[in-house]
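Single-letter residue listing:
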Amino acid sequence: MANHSKLLVGALLCLFAGVSHAQAPGEAAIASPHPQATAAGREILQQGGNAFDAAIAVSAALAVVEPYGSGLGGGGFYLLRQAGEPVRYQFLDARERAPQKARADLYLKDGKLQPGLSINGPLAAAIPGVPAALVELAEHYGKLPLKNSLAPAIRLANQGFAVDRVYRERAIARLAALRDDPESARLFLHDGEVPAEGAVLRQPELAATLTQLGNQGRAGFYTGPVAKALVKGVQAAGGIWSLQDLADYKVATRAPLRFALVNQRELISAPPPSAGGVALAQSLGMLQQLPWREADPVQRVHYVIESLRRAYRDRGLLGDPDYVSNPVAQLLAPDYLKSLVTSFDPRQATPSAGLPPAPPWREGNHTTHFAILDEQGNAVAATLSVNLPFGSAFSAPGTGVVLNNEMDDFAADPNGSNSYGLAASPANAVAGGKRPLSSMSPSFIESPTQFAAFGTPGGSRIPSMVLLSMLQYLDGKPVSTWPAVPRYHHQYLPDVVEYEPGAFTQKQIDDLRLRGYPLKQTSRPYGNQQVLFWHKDTAKVEAASDPRGLGVSEVFRTAQ
Ligand code: DON
């Protein structure tokens, strides 16, 4: 090799070594929405488990202490970072699937939506994915046996946990539906009332189901006695699940959505059937063409809202990639993002009704989130859900499992909108075996010197919340502010800016009104973001939990 080309190779290798930053953080971190879940994850890391084993422990503990948010009866997305050379990213899609008998008109009678059917009771429930994800994590990513990683949750379910403020809020919100289902009332209420704060809630049936899962893997939930009890309970109450639906359920391992940002950063996020990653990439793709960082606060809000408006408009094109073709590449193309920015008015709101409909390329309140980093640099960001608090509020007798109402994330009413006011779209029509479109957006931003993880529950507001946290990060703000930052939201339709109490000053509200923004304050703060930050160059790790919730984040070294 000629000398100059040797030099070139050397320089390239140096550059590559600089970029790869294979070093490990040397510290572990967990940010989860519940102290008992953080403790469960820590216990498993201390036992020699990796981030993926700890993700099993945290998911299962959350199923016990946040039965309103996620659980074995629900689904979710796990975004994984596997340390190594090169680093690998995976996206485990454990979204629920519609049972085979589901049709586009499942919730209609004479063309009219039957209110409540996609919300309460077993007809609202799709086939759960979380149990399959836990098995997948243990078999393909973890170091410990599944049963080991489930042990803290089993203990917690048997011994009980103290009912907290958030449990009470969620149960009060769903009290009528919980009372309507005798098994849910037995499991989650005391004498038909929401248990007092501090009352101990034991869940021996859930402990037994978790034990079966730990001992038998998939067969412990998707075939065998638990599956039989689930199907029997669902059918007896008017649902349409079959044993075959359960036996057929599989986690889909998908390539994460990846989008290059400026300054050697990359967004790694949720691909369809989440609409969240696309919305984040589009919003960041628009914002990075604009001087948002230097803008005054109102002008910055203007840029963010106009980006969100356009990104949420395009949501209507997306659906389950196993059923529809998603125009992701077109939606993220530089020329397209440039054309979206060109349509911004520099000062005034663009009425959503004035925007052309999404381009025709296609032919055809509750949830949870946590993040884990281990000392080797393996990481997980996971958003898990049963959809609304306590899902369908239907529990299959004897299983301890409350079923999701994720079917409402489909376009249950093809001419209307769902619980989050999201407009219906043909790509998201109900079909047997299909996964409903989601907003859940577990995400990383990684560069040669930094790694950051984001995510939150919150239905249609998830992508806007994650975006606001990412902007804090990109603006160099302290990690504690990423989840704390005051929130506002726009989702194209309805054409209104929602904002948390206190998010804007009166002057900002007046200025935004003058720009043509209809504004609506939310009744209370929303979201529950959990974030991590690893400075690869200094090996410093930070984590933060949303001050709105009960979450606990920890950075620690294990004895390993
Ligand atoms: O997948 C979705 O988009 C919804 N099922 C998430 C629901 C949710 O985050 C409710 N949280 N408060």
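Residues numbered from 1 in each chain as written. Predicted model: local features only at pLDDT ≥ 70, side-chain atom pairs only at ≥ 80, totals over all residues. Heavy atoms only, no water.

So, on to helix α2 (residues 35–46). Across its 12 residues, α2 extends 16 Å between first and last C-alpha, which sits within 8% of the 16 Å expected from 1.5 Å per residue. Following α2 by one or two positions, G48 adopts a phi angle in the positive range, close to 100°. (Helix = DSSP H or I, 4+ residues; strand = E, 2+ residues; numbered from the N terminus. Expected span 1.5 Å × (residues − 1).)

For the rest of this paragraph, the subject is the nonpolar core. Y78 and F370 are the most contacted members of the largest nonpolar core, which totals 83 residues. Looking at this core element by element, the count peaks at 12 residues for helix α3 (residues 51–65). W292, V301, F454 and F533 belong to the second largest nonpolar core, which has 82 residues in total. (Core = buried A, V, L, I, M, F, W, Y, C linked by side-chain atoms within 4.5 Å. Buried < 20%, exposed > 50% of the residue type's maximum accessible area, 1.4 Å probe, protein only.)

Around the ligand, the surrounding shell holds 16 residues, and the nearest of these are T367, E406, D409, S438 and S439. At 2.5 Å from a nitrogen atom of the ligand is found a side-chain nitrogen or oxygen belonging to E406. With respect to the ligand, the side chain of S438 contributes an N or O atom lying 2.6 Å from an oxygen atom. Look at the ligand: alone it shows 340 Å² of surface, and the protein chains cover 99% of it. (Near = heavy atom within 4 Å. Polar contact = N/O pair within 3.5 Å; in protein donor to acceptor, adjacent residues only side chain to side chain. Areas by Shrake-Rupley, 256 points an atom, 1.4 Å probe, with all protein chains shown as cover.)

Looking now at the sheet that holds strand β17 (residues 488–489). The strands making up a sheet associate through backbone hydrogen bonding, with each pair oriented either parallel or antiparallel. Across the sheet, 3 strands lie side by side as β17-β18-β19; this open sheet has mixed pairing. At either end of the open sheet lies a strand with only one pairing partner, and these are β17 and β19 (519–521). Two elements, strand β18 (residues 497–499) and β19, share 3 bridges in a ladder whose sense is parallel. Looking at the pairing, Y499 lines up with Q521 of β19. (Pairing = 2+ DSSP bridges.)

Moving on, we come to the pairing of strand β21 (residues 540–545). On a regular strand, one side chain projects to one face of the sheet and the next to the other, so that they alternate. The pairing of strand β20 (residues 530–535) with β21 spans 6 bridges and is antiparallel. Of the residues in β21, the one forming a bridge with W534 is V541. Where β20 folds back on β21, the antiparallel hairpin that results is connected by 4 residues, among which A539 adopts a positive phi of roughly 55°.

Quick look at the pairing of β20 now. Most of β20 sits out of view: 6 of its 6 residues are buried. Of the two faces of β20, the one holding Q530, L532 and W534 and the one holding V531, F533 and H535 are both buried throughout. Looking at chain direction, strand β16 (residues 450–454) and β20 are connected through 4 bridges and run antiparallel. Across the sheet, residue F451 finds its bridge partner in β20, namely W534.

This part is about the side chain of R174. As for its position among the elements, R174 is in the loop between α6 (165–173) and α7 (175–180). The side chain of R174 sits in the buried core without any salt bridge; D180 is the nearest counter-charge, 8.7 Å away. Side-chain polar atoms of R174 contact the backbone oxygen of P389, separated by 2.8 Å. Aside from chain neighbours lying at most four places away, what touches R174 is I119, N120, L388, P389, F390, G391, S392, A393 and N405. (Lys, Arg positive; Asp, Glu negative; His and termini not counted. Salt bridge = Lys/Arg side-chain N within 4 Å of Asp/Glu carboxyl O. Contact = heavy atoms within 4.5 Å.)

Where helix α14 (residues 297–314) contacts helix α19 (residues 506–514), the axes come no closer than 10 Å and their chain directions differ by 50°. The orientation of α14 relative to α19 falls into the category oblique. The way α14 lies across α19 gives a crossing that is right-handed. Contact with α14, carried on its side by P297, V298 and V301, involves Q508, D511 and L512 of α19 and no other residues of that element. Its residues assigned to classes, the contact of α14 with α19 comprises 4 nonpolar, 1 polar and 1 charged. (Axes fitted to C-alpha atoms, helices over the stretch in contact; angles between N-to-C directions. Parallel < 35°, antiparallel > 145°, perpendicular 65-115°, else oblique. Left-handed = near helix turned anticlockwise from the far one by under 90°. Nonpolar A, V, L, I, M, F, W, Y, C, P; charged D, E, K, R; others polar.)

Remember that the coordinates give geometry; whether it matters functionally is a separate question.
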